[in-house]
Amino acid sequence: MKFTPIFILLLIFAIVVLWLGVFVFARNRRKPANRIFLVLSIAMSSWILTSALADVLMNESLAFWAARLAIVGPFFFSTFLYLFTYAFPAE
């Protein structure tokens, strides 16, 4: 694994996005928008991490599987973003 400055920046960004989701969820756990935002931030963090891992892994087999997971990530991200757009304005 080669730790490049871009990989470290993406890792920090994924942690910040995940922290933001947990912070919003902790403010009010009962609101549907906060729950969906938490899942949205988890999906975004996993997408960032898998795409970053696909770039830095030296083992071709592991990098291939990380790239496959990185392709699946936008599906979950876009799905929860769609749900969030309906839940957020209602409140």
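Only a predicted model underlies this, so the values are computations on that prediction, with no experimental measurement involved.

### Considerations on the overall build of the chain
Here comes step 1: What the chain contains, in helices and strands, is 3 helices and 0 strands.
Here comes step 2: In the chain, the succession of helices and strands from N to C terminus is α-α-α.
Here comes step 3: Here the C-alpha coordinates of the chain stretch approximately 45 × 20 × 15 Å along the principal axes.
Here comes step 4: Within the chain, the fraction of its 91 residues that count as buried is 27%.
Here comes step 5: A fraction of 65% describes how many contacts in the chain between residues 6 or more apart in sequence connect residues 24 or more apart.

### Quick word on helix 1 (residues 5-27)
Here comes step 1: Its 23 residues give helix 1 an end-to-end C-alpha distance of 33 Å, which sits within 8% of 33 Å, the value for a rise of 1.5 Å per residue.
Here comes step 2: Restricting attention to buried positions, one finds in helix 1 the residues F7, A14, V17 and G21.
Here comes step 3: Tucked inside the fold, the buried residues of helix 1 contact helix 2 (32-56).

### Observations concerning the confidence of the model for the chain
Here comes step 1: When pLDDT is averaged across the chain, the result is 90; 98% of the residues are at 70 or more.
Here comes step 2: When pLDDT is averaged over each element of the chain, helix 1 comes out on top at 95 and helix 3 (residues 60-90) at the bottom at 87.

### Some words on the packing of aromatic side chains
Here comes step 1: Scanning all chains against the criterion turns up 8 aromatic pairs.
Here comes step 2: Geometrically, the ring pair formed by W47 and F77 is tilted, given 5.6 Å between the ring centres and 40° between the ring planes. Taken together, the residues W47 in helix 2 and F77 in helix 3 connect sequence positions 30 residues apart.
Here comes step 3: Judged by relative accessible area, which is 29%, W47 ranks as partly exposed.
Here comes step 4: When the centroid spacing of 5.3 Å and the interplanar angle of 70° are considered together, the rings of F75 and F76 count as edge-to-face.
Here comes step 5: The class for F76 is partly exposed, based on a relative accessible area of 41%.
Here comes step 6: Grouped by ring-pair contacts, the aromatic residues F37, F84 and F88 constitute a single cluster.
Here comes step 7: Between R68 and the ring centre of W65, over which it is positioned, the NZ or CZ distance is 4.8 Å.

### Overview of the nonpolar core
Here comes step 1: Formed by A33, I36, F37, L40, F77, F84 and A87, the largest nonpolar core amounts to 7 residues.
Here comes step 2: Every element with two or more residues in this core is listed here: helix 2 and helix 3.
Here comes step 3: Per element, the largest residue contribution to this core is 4 residues, and it comes from helix 2.

So, how was this worked out
- Residues numbered from 1 in each chain as written.
- Predicted model: local features only at pLDDT ≥ 70, side-chain atom pairs only at ≥ 80, totals over all residues.
- Heavy atoms only, no water.
- Helix = DSSP H or I, 4+ residues; strand = E, 2+ residues; numbered from the N terminus.
- Buried < 20%, exposed > 50% of the residue type's maximum accessible area, 1.4 Å probe, protein only.
- Contact = heavy atoms within 4.5 Å.
- Expected span 1.5 Å × (residues − 1).
- pLDDT = per-residue confidence, 0-100.
- Phe/Tyr/Trp six-rings, centres within 6.5 Å; stacked < 30°, edge-to-face > 60°.
- Lys NZ or Arg CZ within 6 Å of the ring centre and 35° of its normal.
- Core = buried A, V, L, I, M, F, W, Y, C linked by side-chain atoms within 4.5 Å.

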